[in-house]
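# Descriptive analysis of the structure
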Amino acid sequence: LKAPLEALGQLLNSGDTGSALEFVDVLKSAFAQDLTYNESQHLSLRLPKALRTFPRLKRRWQLRELHRVICGDVRLAESFLEGMEKGLQLLSRDALNRFVSIGLGKAGRDFKGGSTFFRLDSRKGVEAFAEMQKAVLLAEVQPQLNRYLGARMGRWIRVRPLSLLPTQFVPAVHDPMRVCSDGRFIYVPDEIERFDSRADNARL
């Protein structure tokens, strides 16, 4: 458990005690299972790695959904984490909760079907995700924004995600909708999910 406990320590040191408590529940449920040595080794590396990909503002409830998946069947954890990497992390709290509920129901009837659903490798999984997704990634609209800026301003200035904002400015940015500039780049949120409609978020 060296790697998981190091990750837990990092959460505590950052002051994110809520996520730390959720991660403890994940570890308790995962390693209480009757696992093989290789399965234990895989989880001990996979869980901390996945934790670091969960954005801070969403981390606590994303961990809670991971915990639900593990409680349903620890073998589904890898499929769920693959799905998160493919886009499930864009879902809102309620949407991810619904998606997990559907996936667990499918896995209860057909484990393989539930697994492919979580991995977004099935038509039903992709359709459910597309229907629930409201957020828009900056990467999806970045080329259009950069072309607009070039035409509008007549000089070379580009849009960048807030996650790339130089660290000395990060403490000043608390509002997830904040937009700022260092004179060379305009920094905007990595994803937009202010509205309940994906189309509205794309327009924003």
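Above: the structure in question.
Anyway, here's the lowdown on the structure attached to this text. Bear in mind the structure is a predicted one, so any value in this text is a computation, not a measurement.

### A look at the environment of Gly-183
- Take Gly-183: it is sitting in the loop between strand S3 (180–181) and strand S4 (185–188).
- When its relative accessible area of 47% is taken as the criterion, Gly-183 is described as partly exposed.
- Along the backbone, Gly-183 and Ile-157 are 26 residues apart, and their C-alpha atoms lie at a distance of 8.2 Å.
- For Gly-183, the residues in contact, after removing those within four places along its chain, are Arg-155 and Ile-157.

### Things to note about the packing of helix H4 (residues 56–72) against helix H5 (residues 77–86)
- At a closest axis distance of 9 Å, the pairing of H4 and H5 adopts a crossing angle of 150°. The pairing of H4 with H5 is recorded here as roughly antiparallel in orientation. The element H4 and its partner H5 pack so that their crossing is right-handed. For the pair formed by H4 and H5, the contact residues are Gln-62, Glu-65, Leu-66, Val-69 and Ile-70 on the first element and Ala-77, Phe-80, Leu-81 and Met-84 on the second.
- A per-class count over the contact of H4 with H5 returns seven nonpolar, one polar and one charged.

### Quick word on the nonpolar core
- With 38 residues, the main nonpolar core has Phe-23, Leu-47, Leu-66, Phe-80 and Phe-99 as its most contacted residues.
- Only helix H1 (2–14), helix H2 (17–31), helix H3 (37–51), H4, H5, helix H6 (93–109), helix H7 (111–118) and helix H8 (123–132) provide two or more residues apiece to this core.
- The residues touching Leu-66, leaving out its near neighbours within four places in the chain, are Val-26, Leu-47, Ala-77, Phe-80 and Leu-81.
- With six residues, the next largest nonpolar core counts Leu-138, Ile-157, Ile-186 and Val-188 among its residues.

### Brief notes about H3
- In a regular helix each residue adds 1.5 Å, so 15 residues correspond to 21 Å; H3 covers 22 Å between its end C-alpha atoms and thus fits that length.
- Every buried residue of H3 is accounted for by Leu-43, Ser-44, Arg-46, Leu-47, Pro-48, Ala-50 and Leu-51.
- At its buried positions, H3 is contacted by H1, H2, H4 and H5.

### Thoughts on the environment of Lys-106
- For Lys-106, the location among the structural elements is in helix H6.
- A C-alpha to C-alpha distance of 36 Å links Lys-106 and Leu-204, two positions 98 residues apart in sequence.
- What Lys-106 contacts, discounting residues up to four positions off in sequence, is Gly-114, Phe-117 and Lys-124.

### Some points on the pairing of S4
- The alternating pattern of S4 places Phe-185 and Tyr-187 on one face and Ile-186 and Val-188 on the opposite face, and all of these are buried.
- Across two bridges, the pairing between S3 and S4 is antiparallel. Of the residues in S4, the one forming a bridge with Ser-181 is Ile-186.
- Hairpin connection, S3 to S4: the antiparallel pair is bridged by three residues, and Gly-183 has positive phi, about 95°.

### Examining the layout of surface pockets
- Roughly 280 Å³ of volume is contained in the second largest pocket.
- For the second largest pocket, the lining is made up of 15 residues, of which Val-141, Leu-145, Val-188, Ile-192 and Leu-204 are closest to its centre.
- Of all elements in the fold, only strand S1 (136–137), helix H9 (138–153) and helix H10 (198–203) reach the threshold of two or more residues within the lining of the second largest pocket.
- Counting residues per element, the lining of the second largest pocket draws most heavily on H9, which supplies four residues.
- Partitioned by chemical class, the residues of the lining of the second largest pocket number 12 nonpolar, two polar and one charged.

Cut-offs applied
- Residues numbered from 1 in each chain as written.
- Predicted model: local features only at pLDDT ≥ 70, side-chain atom pairs only at ≥ 80, totals over all residues.
- Heavy atoms only, no water.
- Helix = DSSP H or I, 4+ residues; strand = E, 2+ residues; numbered from the N terminus.
- Buried < 20%, exposed > 50% of the residue type's maximum accessible area, 1.4 Å probe, protein only.
- Contact = heavy atoms within 4.5 Å.
- Axes fitted to C-alpha atoms, helices over the stretch in contact; angles between N-to-C directions.
- Parallel < 35°, antiparallel > 145°, perpendicular 65-115°, else oblique.
- Left-handed = near helix turned anticlockwise from the far one by under 90°.
- Nonpolar A, V, L, I, M, F, W, Y, C, P; charged D, E, K, R; others polar.
- Core = buried A, V, L, I, M, F, W, Y, C linked by side-chain atoms within 4.5 Å.
- Expected span 1.5 Å × (residues − 1).
- Pairing = 2+ DSSP bridges.
- 1 Å grid on protein atoms, 1.4 Å probe; cavity = no way out; pocket = protein on both sides within 12 Å on 5 of 7 lines; lining within 4 Å.
- Points joined across faces, edges and corners; volume = space filled by probe spheres on them.

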